[in-house]
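Spelled out from the first residue to the last, the chains are:
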Amino acid sequence: MEHHESPLAAVERHLPDPPVPVANYVPVRQVGNLVFTSGQTPHRNGSLAVSGKLGREVSIEQGQQASADAVMNCLSALRQHLGSLDRIVSVVSLTGYVASAEGFTDQPAVINGASLLLEKAFGDKGRHARAALGVAELPGHAPVEIALIVEV
């Protein structure tokens, strides 16, 4: 009999090191059975995987990958706090911020990179409420920032 790794186990196995706060905040805060992550950007190995604004320096496809990278950093912070992503009952909400050039309106398409990763990893538990917001700038010239709320 062949053993197939679950999508969640595969995601957990590939999580980056937990993010380190760059200012005065905590990466995760739990209130009752809800766990909130601070906003995370698409850092890989200590630096931004891509930088710039959507609709100018960054394509929608690059933005989708950046949002997936950012949500992986959220999941890494959650794993550090919870011990295992298996403790997550559901992904409640995702807020995605997209650094947008003037006239760029495809923020939902960009944040789909994060949403699709969560649904693939958690199945129906990964389907969530969401906001995809266009903003003028993000810290360090990041193209996206993602924050999650999960139920445990």
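Analysis parameters
- Residues numbered from 1 in each chain as written.
- Predicted model: local features only at pLDDT ≥ 70, side-chain atom pairs only at ≥ 80, totals over all residues.
- Heavy atoms only, no water.
- Buried < 20%, exposed > 50% of the residue type's maximum accessible area, 1.4 Å probe, protein only.
- Helix = DSSP H or I, 4+ residues; strand = E, 2+ residues; numbered from the N terminus.
- Pairing = 2+ DSSP bridges.
- Right-handed = clockwise from strand over helix to strand, strands pointing away.
- Axes fitted to C-alpha atoms, helices over the stretch in contact; angles between N-to-C directions.
- Contact = heavy atoms within 4.5 Å.

1. What about the pairing of strand β7 (residues 144–151)?
Counting buried positions along β7 gives six out of eight residues, so the element sits mostly inside the fold. As defined by bridge partners, strand β2 (residues 34–37) adjoins β7 across three bridges and the pair is classed as antiparallel. When the bridges of β7 are listed, F36 appears paired with I149. Two elements, strand β5 (residues 90–99) and β7, share eight bridges in a ladder whose sense is antiparallel. Following the sheet pairing, S93 is matched in β7 by I149.

2. Points about the pairing of strand β6 (residues 129–135)
Where β5 meets β6, seven bridges bridge the pair, whose relative direction is parallel. For A99, the partnering residue across the bridge sits in β6 and is V135. One crossover worth recording links β5 to the parallel β6 by way of helix α3 (residues 107–122), and it is right-handed.

3. Topic: the sheet that holds β6
Here five strands make up an open sheet; going across it, the order is β1-β2-β7-β5-β6 and the pairing mixed. Two strands bound the open sheet, and with one partner strand each, they are β1 (28–31) and β6. Pairwise comparison of adjacent strand axes, ignoring direction, gives a mean angle of 15° for this sheet. Sitting on the sheet, helix α2 (residues 60–82) is in contact with β1, β2, β5 and β7, with an inclination near 40° to β7. Together, β5, β6 and β7 form the strand contacts of α3, whose direction differs from that of β5 by roughly 155°.

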